[in-house]
Amino acid sequence: TYGQDLYDAMLAAIDSANHQILFETYIWKADEVGETFKRALSAAADRGVEVYCIYDAFANLVVSPRFKRFPDTMNVLRFPIYTAGFRFWDFRHYGRDHRKILTVDGDVAFVGGYNIGALYATEWRDTHVAITGPAVADLRRSFADSWNLHRRKRIRASEKPLVLNTPSSWEAHVRFSRNIPRLMMFPIRSMYLEAINRASSRIWMTHAYFIPDQDFADALIRAAQRGVDVRILLPHKSNHIVPDWISRGYYSQFLAAGIRIFRYQNAMVHAKTATIDGRWTTVGTANIDRLSLTGNYELNVEVI
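Residues numbered from 1 in each chain as written. Predicted model: local features only at pLDDT ≥ 70, side-chain atom pairs only at ≥ 80, totals over all residues. Heavy atoms only, no water.

(A) Fine view of the packing of aromatic side chains. Summed over the entire model, instances satisfying the criterion amount to 16 aromatic pairs. A ring pair is formed by Trp 28 and Phe 70, whose centres lie 5.5 Å apart and whose planes are at 40 degrees; its orientation type is tilted. With Trp 28 in the loop between strand S1 (20-25) and helix H2 (32-46) and Phe 70 in the loop between strand S2 (50-56) and strand S3 (75-79), this pair connects stretches of sequence that are 42 residues apart. Using a relative accessible area of 2% as the deciding quantity, one classes Trp 28 as buried. Summarising the aromatic geometry, the rings of Tyr 120 and Trp 124 are spaced 5.0 Å apart at their centres and angled 80 degrees between planes, so their arrangement reads as edge-to-face. You'll find Tyr 120 and Trp 124 in the same group, each marked buried. (Phe/Tyr/Trp six-rings, centres within 6.5 Å; stacked < 30°, edge-to-face > 60°. Helix = DSSP H or I, 4+ residues; strand = E, 2+ residues; numbered from the N terminus. Buried < 20%, exposed > 50% of the residue type's maximum accessible area, 1.4 Å probe, protein only.)

See the structure below:
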C-alpha cells in the first residue's frame, strides 16, 4: 500500500530474474523512478534475460521521446494512440491499455493500481499485490495474449510474437478477469455484480474514480437494504475534478439507502479494491466507471 515498498520489491525481482520478464504499465514517467526501472530492465536484458515491455502511448504523451528510446536487447511494444484507421465507428479499437503487470521467471507476479513514477512512490495511496504459485502462469498468458493481439503484423525484432510454454492448471482460489475491448469481452463488471449480489454481511470498496452505471448503483443499494454493511472509500479530492463532481451525484441515493461513504484525506487514493464478507476480494486496475468497465484493457485478480 506504499509505493516505494512496492517498487523495491519489483526491482528486487527484476534484478533476480534469470529467464524472462514481462512488464506492462499505463503510465511510465521519465523521472528518477521511471529511469530506475528502465535501467533495471535494460541490465536484465544485457545479462541474457528475455525482457518484454508494453506501455500506453496516449498516457505517456508528455514523457520525453528520449526516454522512450530503448536498447535493441529489449522487446518493447508501444500501445498505439489510435488503431481504428478509417473505421472510426468501431469502438473495439478505442480502449486504452490501463493495465499494470510485472511477472518474473514465472515465479512471482505483481498487479494492481500503481503506475511507475516518483509521485506514486511516496505521495499517492494505492494497492498492489504480489502473487506466487500456479496463478502466475495465468498472468503470464494474459500478458502474452495482449502482446500478440497488438504487436505490429510487419514483424520487427522488438515486436516478435511471444510464445509461452506454461502449464494450464487451475488455481481454485485465485483467478483473473480481463477486459479485452478488441474482442468485446468485459467480465470485470460481471465479476463485481455477481459478488455484490452474493454479499450477506459486508461490502467494502476503495476506488479512485467511482461513477457506476445505474444498474451497478442499484446492486449496491439493494445490498444495503437487505442489511449488508456497504462502505465506499473515495478520495476527498482526486487528481481529476470532473469525475469528483459526477461521483458526488450518487451520494444522496447511496446515503439514503444506508451506504456509508468515506473520503480519504491528505493523499490521492488510487486503489481499485473490494472485499466482500471476508471471503472474496479483488485488487486490480479497473475503476468503477464506464471507461474502465466497458472501454479499456483492464485486469483484476479475484481471490476467494
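(B) Main features of the sheet that holds strand S11 (residues 260-264). Taken in spatial order, the seven strands of this open sheet run S8-S15-S14-S13-S9-S10-S11, and their pairing is mixed. Whereas interior strands pair on both sides, the edge strands pair on one side only; in this sheet they are strand S8 (174-179) and S11. Strand-to-strand twist in this sheet, taken as the mean axis angle between neighbours without regard to direction, amounts to 15 degrees. Bridge analysis of S8 against strand S15 (residues 298-303) gives six bridges, and the strand direction is antiparallel. By the bridge assignment, Asn 179 is partnered in S15 with Glu 298. (Pairing = 2+ DSSP bridges. Axes fitted to C-alpha atoms, helices over the stretch in contact; angles between N-to-C directions.)

(C) Seen up close, the layout of surface pockets. Roughly 540 Å³ of volume is contained in the largest pocket. Tyr 26, His 98, Tyr 209, His 240 and Leu 291 are the residues nearest the centre of the largest pocket, which is lined by 26 residues in total. Breaking the lining of the largest pocket down by element, the ones donating at least two residues are helix H3 (118-122) and helix H9 (290-294). Per-element accounting of the lining of the largest pocket gives the leading share, three residues, to H9. Residues belonging to the lining of the largest pocket are distributed by class as follows: 13 nonpolar, nine polar and four charged. (1 Å grid on protein atoms, 1.4 Å probe; cavity = no way out; pocket = protein on both sides within 12 Å on 5 of 7 lines; lining within 4 Å. Points joined across faces, edges and corners; volume = space filled by probe spheres on them. Nonpolar A, V, L, I, M, F, W, Y, C, P; charged D, E, K, R; others polar.)

(D) Quick look at the sheet that holds S1. Ordered by their spatial adjacency, six strands build an open sheet running S3-S2-S1-S4-S5-S7, and the pairing between neighbours is mixed. Unpaired on one side and paired on the other, S3 and strand S7 (128-132) mark the two borders of the sheet. Going from strand to strand, the sheet's axes swing by 10 degrees on average, the running direction of each strand aside. Inspection of the sheet shows S1 paired to S2 by six bridges, in the parallel sense. When the sheet's bridge partners are listed, Gln 20 is paired in S2 with Glu 50. The strands touched by helix H1 (residues 3-15) are S1, strand S4 (101-104), strand S5 (108-112) and S7; relative to S5, the strand with the most contacts, the crossing angle is about 150 degrees. (Contact = heavy atoms within 4.5 Å.)

(E) Fine view of the pattern of salt bridges. Summed over the entire model, instances satisfying the criterion amount to eight salt bridges. A salt bridge links Asp 213 to Arg 189, with the shortest nitrogen-to-oxygen separation between them at 2.9 Å. Taken together, the residues Asp 213 in the loop between strand S9 (202-207) and helix H6 (214-225) and Arg 189 in helix H5 (residues 187-198) connect sequence positions 24 residues apart. (Salt bridge = Lys/Arg side-chain N within 4 Å of Asp/Glu carboxyl O.)

(F) The arrangement of the packing of H5 against H6 in detail. Two numbers describe how H5 lies on H6: the axes approach to 9 Å, and their chain directions differ by 15 degrees. Regarding the angle of H5 to H6, the classification is roughly parallel. Judged by the twist between their axes, the crossing of H5 over H6 is left-handed. Between H5 and H6, the contacting residues are Arg 189, Tyr 192, Leu 193, Ile 196 and Asn 197 on the first element and Asp 215, Phe 216, Ala 219, Leu 220, Arg 222 and Ala 223 on the second. (Parallel < 35°, antiparallel > 145°, perpendicular 65-115°, else oblique. Left-handed = near helix turned anticlockwise from the far one by under 90°.)

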